[in-house]
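# Inside the fold
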Amino acid sequence: MVPLSAYVAVSAVLFVTGLIGVLIRRNFIIVLMAIEIMLNAANVNLVAFSHYLESMTGQIVALFVIAIAAGEAAVGLAIIIVVFRGKISTNVDEINLLKW
Amino acid sequence: MTLPLGDLVAIIPELIVATVACLVLVLDPITPPSRTHWLAWLSVASLVACFGITVSRMDATVTAFSDLMILDPYAGYWKLLLYVVTALTILLSLAYLRVERIHLGEYYGLILLSLAGMMIMVSAADLLVIYLGTELMSLSLYVLAGFKRFEVRSLEASAKYFVLGSFSSGILLYGISLLFGVAGSTRLSAIAAAVGTHGLDDPALLFAMILLVVGFGFKIAVVPFHMWTPDVYEGSPTSVTAFMAVASKAASFAAFLRVFLEGLGGLREKWYALFLVICVATLILGNVVAIVQTNIKRMLAYSSIAHAGYALIGVVVAGQAAADNETRALGLSSVMLYLAMYAFMTFGAFAVVALLRKGGLEGEEIEDFTGLAKRQPLAALLMLVFMVSLAGIPPTAGFIGKLYVFMAAVNAGLTWLAVVAVLLTAVSAYYYLRVVMVMYMREPDPSAGLVSRLTTSPALTLVLASAFAGVILLGLFPDPLVSITTSAVLPFK
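In this report, the structure presented in the accompanying data block is examined. The structure presented is a predicted model; accordingly, all values stated were derived computationally and were not measured. (Residues numbered from 1 in each chain as written. Chains lettered and ligands numbered in written order. Predicted model: local features only at pLDDT ≥ 70, side-chain atom pairs only at ≥ 80, totals over all residues. Heavy atoms only, no water.)

Across the boundary between the two partners, chain A contributes 41 residues, which contact 35 residues of chain B. Buried surface at the junction of chain A and chain B, both sides included, amounts to about 3,500 Å², of which 82% is carbon and sulfur. Along the contact surface separating chain A from chain B lie three residue pairs in polar contact (both at pLDDT 80 or more). Going through the elements one at a time, α1 (4–24), α2 (28–53) and α3 (57–87) of chain A are the ones with two or more residues in the side of chain A that touches chain B. Counting residues per element, the side of chain A that touches chain B draws most heavily on α3 of chain A, which supplies 14 residues. Taken together, the residues that form the side of chain A that touches chain B break down as 29 nonpolar, nine polar and three charged. (Contact = heavy atoms within 4.5 Å. Buried area = accessible area lost by both parts, 1.4 Å probe. Polar contact = N/O pair within 3.5 Å; in protein donor to acceptor, adjacent residues only side chain to side chain. Helix = DSSP H or I, 4+ residues; strand = E, 2+ residues; numbered from the N terminus. Nonpolar A, V, L, I, M, F, W, Y, C, P; charged D, E, K, R; others polar.)

Printed below as a string of structure tokens:
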């Protein structure tokens, strides 16, 4: 059986990947993907703990998080589309009219 | 499985707000554009109904949905504040959106959805529910920030708010997942029990706590998680900025206090020092950087960061391990009082900015206010009152709010913190009174073109009158509000 620590390690790696992705990648769509990775890192944690603690709560929370992530992606892509129409760019650095 | 009716009765205000929000979205396409204001009045009517229901239930404490939600006086207090702010936002938007030519019905639906999220946040007793409420609030606000979709600045604000907002939600969620691992449940009560059994040095617990501090720090905009605030506040439509600065900050503070005092109350000797540092950094940075701003919305954004710092003083007092429960309750009630005072004065200031835009002024650069007293005496007078209140000068609400926060700090033996905060208040007087100076001491520039007269509307008059009355009346007669906040604090165990 895979120990809990393995799941938590995978989740931590995913979380750090997402964190670094948001901080260093400049393409808006990649940033959105990095945020989704962060949410999924939490999901891995939740499901692993849920199995280990024999409590269903974690799996239910993970289902809610998946739904929220879908909503977030929809809003994010909609914002990217209007920004793209206005500025013809999805590069975060070129979204710079306001001081960062 | 059936839903017990009692649970649904308990959340009637939330149901009303969410239903009316959906109703507005459905009615919008079949409402002629000249009648869009009907949707606004429908929204305001639903808020009045919710206000009545929440007032009638203020004294009771009810839990619903197997302890997922708790409806106590604490939640009731925040909900009343949120209804007032939302109603003022809708009334302000009625006039402002027309000037910006973005008067669309879905705006009101989104405002109400955001309010529903905030209401869920303030009465949630479970981390999952708090997360869901936060997301409902934030997703609606991301869209609202970009509502001036033909203006690049507004789109930029929306994009930045989205990236940093979802980033912080991701961090918050990871913290929640770790807390679930430690406690085996996402209920705040179960987490409090787990903190008791695991002790203070469990690394997973401490790491989760830090992630929650970061996640909530973004939402309430405290240093060092404030970077998004000036950009988003400047770019968003002014009515949305006012809503974000006041309502979303109040709701985030409410949820944040409940999580840290109820769920992680046992860890308070760990988070106390963290908040003390954040509080001082926020006070210094907010007040000092506001001095160099030339855009009034940006200046008010830094001012709102500074005000979050003043409110954090109360949080620090409430989290002091050495203090007795009475002192801690005073700290918590001073936060509640401060944010109510802050709501009226900040909303008023943003409303005047929106009003001047209506008057044909660009009205966003502080220079645009030159000689306003000669051109628009009434608008200048209102701005004067709000600026004086933000600076914390009596007899306004801002003074009373600061007085209670400082009093709580002194009672808790944090006199040095109160002294630092008072000194920084003196700094803040510089940038607030500079606006007054520009309005009253300078001659209007003849080439700028005098605005003949402001076209006012009943709704706008009502907004300005309410904010003005709130600032003056709460400044002169704070006692009723003080007694409400004192009776609505969270119970300390």
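Attention now moves to the pattern of salt bridges. All names here are of chain B. Tallied over the full model, the rule gives 14 salt bridges over all chains. Arg153 serves as the salt-bridge partner of Glu234, at 3.4 Å between the closest nitrogen and oxygen. Of this pair, Glu234 sits in helix α10 (residues 228–235) while Arg153 sits in helix α7 (residues 152–183); the two residues are 81 residues apart in sequence, bridging distant segments of the chain. There is no split in this pair, since Glu234 and Arg153 are both buried. Between Arg298 and Asp231 there is a salt bridge; the shortest N-O distance is 3.2 Å. With Arg298 in helix α13 (residues 296–318) and Asp231 in helix α10, the pair connects residues that are 67 residues apart, well separated along the chain. In terms of burial, Arg298 and Asp231 fall into one category: buried. The network of salt bridges with common partners includes Glu100, Lys148, Glu151, Arg153, Glu156, Lys160, Asp231, Glu234 and Arg298. (Salt bridge = Lys/Arg side-chain N within 4 Å of Asp/Glu carboxyl O. Buried < 20%, exposed > 50% of the residue type's maximum accessible area, 1.4 Å probe, protein only.)

Let us now look at the packing of aromatic side chains. Under the counting rule described, the total for this entry stands at 24 aromatic pairs over all chains. A ring pair is formed by Phe216 of chain B and Phe256 of chain B, whose centres lie 5.8 Å apart and whose planes are at 50°; its orientation type is tilted. Separated by 40 residues along the polypeptide, Phe216 of chain B in helix α9 (residues 203–220) and Phe256 of chain B in helix α11 (residues 238–263) bring together distant segments of the chain. The exposure classification of Phe216 of chain B matches that of Phe256 of chain B, with both residues buried. Members of the aromatic cluster, joined through ring pairs, are Phe28 of chain A together with Tyr142, Tyr161, Phe162, Trp228 and Tyr233 of chain B. Above the face of the Tyr310 of chain B ring, Lys402 of chain B is positioned so that its terminal group lies 4.6 Å from the ring centre. (Phe/Tyr/Trp six-rings, centres within 6.5 Å; stacked < 30°, edge-to-face > 60°. Lys NZ or Arg CZ within 6 Å of the ring centre and 35° of its normal.)

Residue and element names in this part refer to chain B. Cis peptide bonds are those with omega within 30 degrees of zero, and the linkage from Val223 to Pro224 qualifies with 0°. As for its placement among the helices and strands, Pro224 is situated in the loop between α9 and α10. Pro394 connects to Pro395 through a cis peptide bond whose omega is 5°. Structurally, the position occupied by Pro395 is in the loop between α16 (377–390) and α17 (397–411). The backbone phi angle of Ala221 is positive, close to 55°, even though this residue is not glycine. Along the chain, Ala221 turns up in the loop between α9 and α10.

So, about helix α20 (residues 479–487) of chain B. Residue and element names in this part refer to chain B. Within the span of α20, buried status applies to Leu481, Val482 and Thr485. Projection of α20 onto a plane perpendicular to its axis shows the buried side chains occupying an angular sector of 100°, all on one side. Of the residues in α20, the exposed ones pointing more than 90 degrees away from the buried face are Asp479 and Ser487. (Arc of directions from axis to C-beta.)

Residues Phe260, Leu264 and Met387 of chain B are the most contacted members of the largest nonpolar core, which totals 231 residues. Ranked by the residues each element gives to this core, the list is headed by helix α14 (residues 325–358) of chain B, at 23 residues. (Core = buried A, V, L, I, M, F, W, Y, C linked by side-chain atoms within 4.5 Å.)

On to α13 of chain B. An α-helical turn contains 3.6 residues, so a residue and the one three or four places further along point in the same direction. Residue and element names in this part refer to chain B. Counted at 1.5 Å a residue, the expected span for α13 with its 23 residues is 33 Å, and the 33 Å between its end C-alpha atoms agrees. Most of α13 sits out of view: 23 of its 23 residues are buried. If you check the start of α13, you find a side-chain oxygen 2.7 Å away from the backbone N of Lys297, and it comes from Asn295. (Expected span 1.5 Å × (residues − 1).)

Moving on: the environment of Phe225 of chain B. Residues and elements named next belong to chain B. Positionally, Phe225 belongs in the loop between α9 and α10. Of the residues examined, Phe225 reaches a relative accessible area of 14% and is grouped as buried. Along the primary structure Phe225 and Gly215 are separated by 10 residues, whereas in three dimensions their C-alpha atoms are 8.8 Å apart. Ignoring sequence-local partners within four residues, the contact set of Phe225 consists of Val213, Val214, Gly217 and Phe218.

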